[in-house]
Structure formats: structure tokens, C-alpha cells
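# Architecture at a glance
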Amino acid sequence: MCRPGADTLVRPYKYNGSALVKKILIANRGEIAVRVIRACREMDISPVAVYSECDRPAMHVRLADEAYPIGPSAPRDSYLRIDRIVDAALKAGADGVHPGYGFLAENEAFAAAVRDAGLIFIGPTPAAIETMGSKTEARRAAERAGVPVVPGTNDPIAADVPDANIAAAADRIGYPLLVKAVAGGGGKGMRTVVDRADLASAVRAARSEASAAFGDAAIYLERRLTRPRHIEVQLLGDAGGAVLPFVERECSIQRRHQKVVEETPSPAVSPSVRRAITSAAAAVAKGVGYTNAGTIEFLLDEDGRFYFLEMNTRLQVEHPITEMVTGVDLVQWQIRIARGETLTLDPDALLAPRGHAIECRIYAEDPDNNFLPSPGRIAALRTPGGPGIRDDSGATEGLDVPIFYDPMISKLVAWADDRPRAIARMRRALGEYRVAGIKTTIPFFTWLLAQPEFVDAAVHTTYLDEVLKARSGRPFVEPTLEVQEIAAIAAAVQAALSPAPVAPHNGASTVNTAFHWKSQARIEGLRQA
Amino acid sequence: MQYEIEVGGRTRHVTVARTGGTLAVTLDGRTWHVDAARIDAHTLSLVVDKVWRKSYDVVTTSDAATGQLTVLVGETPVAVAMNGRRQSARKDGGAAVSGPQRVVAPMPGKVVRVLVQAGDAVRARQPLVVVEAMKMENELRAGRDGTVAHIHAQEGASVEAGALLVVIQ
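This one's a predicted model, so the numbers in the text were calculated from it and none came from an experiment.

### Points about the overall build of chain B
- Broken down by element type, chain B carries 1 helix and 16 strands.
- Here chain B holds 169 residues, and the buried ones make up 36% of them.
- Counting only contacts in chain B whose residues sit at least 6 apart along the sequence, the fraction spanning at least 24 positions is 37%.

Pasting the structure below:
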């Protein structure tokens, strides 16, 4: 790539803060690293990448001005290595470090290590990460701010608490209830208990999962609301104590407690609930002196009552939908806040969304095979475009989706002036999306967006798990006879036209290359016969 | 050129012949004129002369684990096997209708739990083995009813893609 040196590009950016940030190291990979690189470029800040062994050919390395290897592919040897990442930042002479999400984004020791190295951590303070990272501490912070929490135990239940005491606490809360890991996230260390008799085994299972995943066996209990919706509020806070909430996002479409579709504004939130839930979120954040970007998650019950669930002290995967309806670049504001700027956004405009936005998380998973991960080489890729479409991706043709990390390859976002048009636009974009060589969740989204419950927004957090169970593995897209015939014609034409119907790419994977040679030899053998 | 192509559980006989600038493709006795433009190594644009000149965008790739072809017709993936190759792939690990079913690891990972024992009767879609890969625990299920004949999976062991885990008789 021919590009002038970073130092000739960097010009003083017009800002009202105190710290000059000219170079940022992004302590992440994949699509979120690419997203942060884009924000840096638009602010004339030089982006620095880090990468593990298998990520050498990744998009984020190629788009950055500098790139530093931080170790083997397993996350604990690279993207979770605080020492190596801080070393790389110092070596690069970066002024700041952006953690993205996942990996070290909510690790207070990382935020502290970055600060102690004399660099700016682009996120909240280590203290805020620690307070809101503990689910029981966070519940207390919400109660102090006068915000209702889901009924449950306010203190962590340590590993040595006898079963009888836990059962007594459970009786006070009532069934059905959830057993949750204090340090939990992403659905790990979480169990639903409907029957009192199952409590002890659920506690044991949650503890063992929590201690394996987070090194902390502490759990707590929380009542399970019936058919709640997941509503969350994006916030930005500056160092001067200002906290601004944004219009809510709805993320009720979840599979095993993992969000798969998000939208904003929520079709279930009235203007009065919006006022109440956004000011509740701001009150919780203000109460803990929160700075930078964060999100407060709530459950909304069928009667319109909402309950604090937890706070995420980082950028969210679904941040683009908020950007689409408010016109605010959240990543740029993270950087501006971190370098000491004060918020100059119009608070009323943030609560008055323009149009509607939907995000589908495109995963390298096989929806027709119980959503098993489908790593491998992306043989062909065509991303959708046109009006109102945004594809935040880290994938390129010829790139391997590694087995080591979250298999999300892209976030596809559709914006339109209202919800029905946004759904139509998303369906159009899904139809344009081509990913070959690996299985993706695109056929699943095509099915989901046609479901009457989705179209009518009559969904809740267990809706998807219930319909998937009821479908019991039927394929999401069944090829019609016409499509089957075209597939047969295409396979024959491909074989007839080309001596190497599935040509190897110029990449380095010997496994796939060997396979392609084998298939070519096989087909040539057949042609001789 | 003549091909036997298995798609949707049926074997189709397809011949392809050049006729001037286009191709004459005969599928089970019916012939269409197909204008094929090669876009890249995997992608073809087909314009098929039916009642209308219908345009299809198709992407063909092969699965390294099974040797099967996947043809994306528009957004719809279609599993295709050429000249009976799918049948041999099935012996290796797919959900065959009769004969032993070999359950293999679809991706590299670690065996977290083995949920059945040799001799157990299992039902279709019953979870057999839990393999952790890409930060997720994935249940591998039985393709059909049967009896567990052999267990090759060991809890805690790392497995490669295609490794044999369980045989169902």
C-alpha cells in the first residue's frame, strides 16, 4: 500500500480537550478492530494493530499503520496478554489504547496497566469497571440510584454457603428463578430453575461453569420474569460528570442468552417509558461517576415495568444501530472523551431517533446443524451495499475464519425511515450477501425476518429458543426444485468450463490447497474416463 | 461432457455441449441454452433460456471435510455431489440412512463431555458428545435412531476436524 508516513498525515484535530492523541493501539481483532481503525483514520489518528499468529493476514493488520505480534493464536497467549499489549503500545509510541469489546475490554487490571504505563485507556476508569463488573455491586449501585432491580439476592453467595441457606433465599425470591455467576457474561454460569427440587444441582452446575470460565465460583439468585423484553440504554459520560443517554435499543432476539438481532428504537417502548428508562440509566451511571461509553441493560415486563439487569462498561457489538438513528459516531466520541473533551451533543436529539435501524450478527455457524461453528476459508465473499446498508466486517475473500475466537464475521445493519422498511431493506441486503466456503447464519436471518412474531415485534428474550426447539432442526431454507436444477446445471457447467473448478487461492493453508489439488485431480480423472 | 449429479436426494443426468457462443445443457432429457459468464474461480453468472431468460448468480465451493460441493444459488445453499462422490463422503461421516453412522468432529476442538456409553440405545437428534470450539460448547447429535457401537472420543482430548468420535449401529 502506498501511503505517506503517519507523521505527515497527523494534523492537530480541532478539539477542546487537554491531551493530544496522535496514535492509538487497538487491543483487539476482527471487525471491531477494523471499526476502531476507521474512527482513527477519520480523526487523523494513526492506528496500530496487534495480532496473534493466525491473524497475520487479517484485515485489521492490513488496514493499520503499524502492527505488532503478541503471541500464539489462543487468546490467553495473545489478546489476553496485558504485558505484551502494553509493551507493544509503548514500543509503538502510542498515546492511547482502545480495547474494543470482549478480550480485555472489561478487565480493570488492563485499564490500570495502560494508565500506569502513562497511556490513555479509551474507556471508563478501572474503578468503574470493577464496580459495575460485579453483578451484585452493580445491583446495589442501581438501588442507590432509585432504579428497580429484578428481585434477587443482593450479596454474592460464596462457594461455602450451605444448600439450606440458598434454598431459603430462593424461597424468598420465588420460582422460577435464575442462578447467575457474579462474574458472569454471555450466558455462561447461568441456569434456570423452575422447580425447587432442581435448585441444588443448578447451583452446582452454575458454580463449576463460573469457576472454569471466570475463576470465581460466586453466584447469586434472581427472579425470572415471564416473557420479558431486553431493552438497553447507551450512554456517554465525560470527565466533567455529564452523562447523556441515547434512545433505547431492543435486543430481545437471543439464542441461549446471546443477542442475534438488535434494533432501535424499540417498538415496545412508549415515549413515557423512554423518558423514564433513559433517565434511570443516566442516574445509575452518574451515581458511580461513569465516564466514556457504556450501556445499561434492563428487562421490560409485559406491564411496561422495567428492571435494572447489568451494566456493560465498554462499547457494545450493537453500537452501529444507535449511530445510524442518531448520527453520532460513538467510537470517535470515546476517543474525544478519553482525551479530555466535554460532551457537546444535544441531549434532546439523542432521544429523538431518525428512522429505524436493525442489526443482524452474521456468524460463521451452520444454522441447519444446531448452529455449530463453521470455521474455514472464505472462498468467495460479496457484501451488500446500496441505500441504508452498513456492513461492519473484518472478513475478506481468501481469509480463514480461525477456530480460536468468536465466530462473528460481520454486523449487517439496515437503516430506513420506519421499521417495516428497515425489515424489507435488511431482507434485500441478506439476499445480496454471498459467503461461500463456510456456513453462515444468513439463511437463518432470512427465515427469522419473515416470521410473523418478528414482523409484529411480538417477541421476548426466550422467543427464539422456544421456536428453535419447536422446529427441531428443520432446515431454514429448503431449495425449491428450480433451485436444485440450477445447482445441478451450475455444478456441471463449472466442471465443464474449468480445468480447476475450485481453484486454490494464494493463501498459505496447505490443508485446503491439498484438498483443492485432490479435487482437481479427481475431476480430471473423471473427465478422462 | 456428461455428469451424474446428486441433489435433493435424486441423481440427475446432466450433459454439457458447446453450441456456438453458449452451452446446451441437458438435464434428465430436457435441454436449455445456457449463457455462462465466469466471474471468478468460484462464481458463475448463468442466463438460462427458459420461457424468460432467467439470470442466476451461483457460487460453487467444496467442503474440505466431506468433499461435497455447496452451490449457492442466489442466497440459497444447495448440497451437491458429482458422479456419486457424495455417497462415498457419506460413508465417511454423513447421516447415512442405513449402515453404521460415524459421528465425526466437524471442527477442531476439545472433547468436553461424552454423554453416551457403548451399547446405549440412542434416538435421532440425541446429544452424544460435547465438543468445545470457538469459545462455545457444541453438542454433536445422533443422525438417526440406533445403538452406540464404539466410542472413540475421550473426555479432555483435543480432536482434529473429521476425527471419528462415535459409531452408531
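The structure having been displayed, the exposition proceeds.
### Side note on the overall build of chain A
- From N to C terminus, chain A includes 19 helices and 23 strands.
- The C-alpha atoms of chain A give a radius of gyration of 24 Å, which matches the 24 Å a tight globule of 529 residues would have.
- Principal axes of the C-alpha set define a box for chain A whose edges measure 80 × 60 × 50 Å.
- Counting over 529 residues, chain A shows a buried share of 52%.

### What to know about the interface of chain B and chain A
- Listed by partner, the interface residues are 51 residues for chain B and 47 residues for chain A.
- Across the side of chain B that touches chain A, the residue classes tally to 32 nonpolar, 11 polar and 8 charged.

### Here's the deal with the domain arrangement of chain A
- By domain assignment, chain A separates into domain 1 (6–122), domain 2 (151–223), domain 3 (226–354), domain 4 (356–456) and domain 5 (482–528).
- The C-alpha-based centres of domain 2 of chain A and domain 4 of chain A are spaced at 35 Å.

### Considering the nonpolar core
- Counting 158 residues, the largest nonpolar core has L25, A487, A490, A491, A492 and V493 of chain A together with V80 of chain B as its most contacted members.
- Apart from residues no more than four positions distant in its own chain, A492 of chain A is found in contact with Y3, I5, V14, V16 and V25 of chain B.
- With 20 residues, the next largest nonpolar core counts A183, M190, A202 and A217 of chain A among its residues.

### Structural notes on the sheet that holds strand 14 (residues 146–151) of chain B
Residues and elements named next belong to chain B.
- The strand order across the open sheet built from 4 strands is 9-16-14-11, with neighbouring strands paired in antiparallel fashion. The outermost strands of the open sheet, each flanked by one partner alone, are strand 9 (101–104) and strand 11 (121–122).
- Strand direction decides the pairing type here: strand 9 and strand 16 (residues 164–168), joined by 4 bridges, are antiparallel. Within the sheet, the bridge partner assigned to V104 lies in strand 16 and is L164.

Scoring rules and cut-offs
- Residues numbered from 1 in each chain as written.
- Chains lettered and ligands numbered in written order.
- Predicted model: local features only at pLDDT ≥ 70, side-chain atom pairs only at ≥ 80, totals over all residues.
- Helix = DSSP H or I, 4+ residues; strand = E, 2+ residues; numbered from the N terminus.
- Buried ≥ 20, exposed ≤ 12 C-beta atoms within 10 Å, placed from the backbone.
- Contact = placed C-beta atoms within 7 Å.
- Rg over C-alpha atoms; globule rule 2.2 N^0.38 Å.
- Nonpolar A, V, L, I, M, F, W, Y, C, P; charged D, E, K, R; others polar.
- Domains from an automatic or database assignment.
- Core = buried A, V, L, I, M, F, W, Y, C linked by C-beta atoms within 7 Å.
- Pairing = 2+ DSSP bridges.

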